Amino acid sequence: MGDKRMASARRRARPRRDTTPGGSAAPPVVTEEKKSGSRAGRDLGAAFLVGGGLLAFFGLTLLFVPVLFRLAVIIAMMAGLLEFRRVWQKTDLHLATPVTMVGGAGIFICASQMGVEAMLTATLFTVGAGILWHLTGESRGEKLLRNVSATALTVAYIPFLTSFVGLLSVECGGPATAVYVLATTLGSDTGGYVVGRFLGRHHMTPVISPKKTWEGFAGSVVFAVAISIAGTFWIGIPWFYGPILGVLIAIFATLGDLSESLLKRELGIKDMGHILPGHGGLLDRMDSLLMAAPAAYIILKFAIHFHQVLPMS
């Protein structure tokens, strides 16, 4: 009797397969994501249009209308800071938002006008002003320390790293050098996305970014190196810096993407924002550049110092 009851219970627990009127198994349900074929979860056409449009806009303004370029970067930075504020609010943390926005603009202006010393000084002043802002507020104890830490991290992550784009045009030869780094970073993103989408099989970091694959990373390196080598002839540095910069930019662009993916996973969000079709928020588009620009700056400064070369202005 006990065996019959157990067998009956197993039959009831077994999942029932949907069948057609003829008794055959029904085909599996295909979700919209599977129908679209988008393994990366993005609109491919929108992603390319937005990425290419941003590169064209910022590249052309940087070369021909520097004032408009600086204004556009500052506006984008402000939007990124507002996205980051929204993210911190999910953890009940609060930024010194006015300080980060005014100070962030100042950091970028100092970098694009006067160089690295002025940029570092403006960064220190901004962090200090943020600490004073929190000290005069209502938070105390552990909450105060957490708010101060969030503000300091925000200043370092967004305005400080973004300002390396302006620094490239001041200390590494001119606007063409900054456009070269922007194009190589976009090439890295494009190569990783396209190759990863169609050929990706082996996951890099399933816990942090399940859709990031080693095949996609190889595509990032190949695209970045190809664009970087071509770019060396344009800006006038020795060609062998092309592979070095291409590989380095691909590595740090990937690290930037993974860093933001880790933050978003910890906070339980998919995108930082929704302002850019196919990409999400501005920070979702900027994450790779935030890490790649400082790395490129170091290598270009090395080339200028040790090989006495100066990229075209």
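Quantities reported herein were computed from a predicted structural model and do not represent experimental measurements. (Residues numbered from 1 in each chain as written. Predicted model: local features only at pLDDT ≥ 70, side-chain atom pairs only at ≥ 80, totals over all residues. Heavy atoms only, no water.)

Participant: What should I look at first to understand the overall build of the protein in this one?
Facilitator: Of the regular secondary structure elements, the protein holds 11 helices and 2 strands. For the protein, the N- to C-terminal ordering of α and β elements is α-α-α-α-α-α-α-α-β-β-α-α-α. For the protein, the residues scored as buried account for 48% of the 313 residues in total. Contacts in the protein between residues far apart in sequence, at least 24 positions, make up 72% of those at least 6 positions apart. For the protein, the computed accessible surface area is about 16,400 Å², with 68% contributed by carbon and sulfur atoms. (Helix = DSSP H or I, 4+ residues; strand = E, 2+ residues; numbered from the N terminus. Buried < 20%, exposed > 50% of the residue type's maximum accessible area, 1.4 Å probe, protein only. Contact = heavy atoms within 4.5 Å. Areas by Shrake-Rupley, 256 points an atom, 1.4 Å probe, with all protein chains shown as cover.)

Participant: Would you explain the pattern of salt bridges in this entry?
Facilitator: Charged atoms that come close allow side chains of opposite charge to pair. Counted according to the given criterion, the structure contains 3 salt bridges. Here K143 and D92 are joined by a salt bridge, their closest N and O atoms 3.8 Å apart. Placement of the pair is K143 in helix 7 (residues 141–171) and D92 in the loop between helix 4 (66–89) and helix 5 (97–113), with a sequence separation of 51 residues. One salt bridge connects D257 with K212, and the closest N-O pair in it is separated by 2.4 Å. Separated by 45 residues along the polypeptide, D257 in helix 10 (residues 241–267) and K212 in strand 2 (residues 209–213) bring together distant segments of the chain. (Salt bridge = Lys/Arg side-chain N within 4 Å of Asp/Glu carboxyl O.)

Participant: Help me understand the nonpolar core in this model?
Facilitator: The nonpolar side chains of a soluble globular protein tend to be buried, and buried together. Core analysis: the biggest nonpolar cluster contains 57 residues, and M119 and L245 have the highest contact counts within it. Elements that contribute at least two residues to this core include exactly helix 3 (44–64), helix 4, helix 5, helix 6 (116–135), helix 7, helix 8 (175–199), helix 10 and helix 11 (282–307). When residues of this core are assigned to their parent elements, the largest contribution, 12 residues, is made by helix 11. Shared between two domains, this core takes at least three residues from each, and those domains are domain 1 (57–172) and domain 2 (174–312). If we ignore the near neighbours within four places in the chain, the residues touching M119 are I107, C110, A111, F160, S163, F164 and L167. In this structure, F217, A224, V225 and A250 belong to the second largest nonpolar core, which totals 6 residues. (Core = buried A, V, L, I, M, F, W, Y, C linked by side-chain atoms within 4.5 Å. Domains from an automatic or database assignment.)

Participant: Help me understand a nonpolar patch on the surface in this model?
Facilitator: Taken together, the side chains of F57, L60, L63, F64, V65, L68, L71, I75 and W234 define a hydrophobic patch exposed on the protein surface, amounting to about 860 Å² of accessible area. When residues of the nonpolar patch are traced back to their parent elements, those giving at least two are helix 3 and helix 4. Ranked by the residues each element gives to the nonpolar patch, the list is headed by helix 3, at 4 residues. Examined against the element boundaries, L60 turns out to sit in helix 3. (Patch = residues over 30% accessible without salt bridge, like charges linked within 9 Å, V, L, I, M, F, W, Y side chains within 5 Å.)

Participant: Just to check I follow, could you spell out the layout of surface pockets for this structure?
Facilitator: Gaps left between atoms show up when a probe the size of a water molecule is rolled over them. The computed volume of the second largest pocket comes to approximately 470 Å³. Elements that contribute at least two residues to the lining of the second largest pocket include exactly helix 3, helix 4, helix 7, helix 8 and helix 11. For the lining of the second largest pocket, the leading source of residues is helix 11, giving 6 residues. Partitioned by chemical class, the residues of the lining of the second largest pocket number 16 nonpolar, 4 polar and 2 charged. (1 Å grid on protein atoms, 1.4 Å probe; cavity = no way out; pocket = protein on both sides within 12 Å on 5 of 7 lines; lining within 4 Å. Points joined across faces, edges and corners; volume = space filled by probe spheres on them. Nonpolar A, V, L, I, M, F, W, Y, C, P; charged D, E, K, R; others polar.)

Participant: When you look at the UniProt feature "transmembrane region" (unreviewed entry) in the protein in this model, what are you seeing that I'm missing?
Facilitator: The UniProt feature table records "transmembrane region" (unreviewed entry) at residues 44–65, 71–88, 95–114, 120–136, 148–170, 176–196, 217–237 and 243–263. Across residues 148–170 one finds 100% helix and 0% strand; the C-alpha atoms that close the span lie 31 Å apart. Within the segment residues 176–196, helix and strand shares are 100% and 0% respectively, and the terminal C-alpha atoms sit 30 Å apart. (UniProt positions renumbered as here; feature names shortened; annotations may be inferred.)

Participant: Looking at this structure, how should I read the packing of helix 5 against helix 6?
Facilitator: How two helices sit against one another is set out by the angle between their axes and by the gap between those axes. At a minimum axis distance of 8 Å, the contact between helix 5 and helix 6 shows a crossing angle of 170 degrees. For the element pair helix 5 / helix 6, the angle class is roughly antiparallel. Along its contact with helix 5, which presents P98, V99, G103, G106, I107, C110 and A111, the element helix 6 presents A118, M119, A122, T123, T126, A129, G130 and W133. Partitioned by chemical class, the residues of the contact of helix 5 with helix 6 number 10 nonpolar, 5 polar and no charged. (Axes fitted to C-alpha atoms, helices over the stretch in contact; angles between N-to-C directions. Parallel < 35°, antiparallel > 145°, perpendicular 65-115°, else oblique.)

Participant: Is there a simple way to explain the side chain of D287 in this structure?
Facilitator: Positionally, D287 belongs in helix 11. Those residues in contact with D287, other than ones at most four positions away along the chain, are Y157, G256, D257 and E260.

Participant: Sorry, what's going on with the packing of helix 7 against helix 8 here?
Facilitator: The N-to-C vectors of helix 7 and helix 8 enclose an angle of 140 degrees; their axes lie 6 Å apart at closest approach. Our classification of the angle between helix 7 and helix 8 gives oblique. Judged by residue contacts, V165, L168 and S169 of helix 7 engage P175, T177, A178 and V181 from helix 8. Looking at the contact of helix 7 with helix 8, its residues break down into 5 nonpolar, 2 polar and no charged.

Participant: Could you clarify how one ought to interpret the confidence of the model for the protein in this entry?
Facilitator: As a note on interpretation, predicted positions should not be read in detail where pLDDT is low. For the protein, mean pLDDT is 80; residues scoring 70 or higher make up 78% of the total. Model confidence for the protein, summarised as mean pLDDT per element, is weakest for helix 2 (residues 32–36) at 38 and strongest for helix 6 at 94. pLDDT under 50 marks residues 9–40. Its contacts with residues more than four places away, or in other chains, come to 24 contacts. (pLDDT = per-residue confidence, 0-100.)

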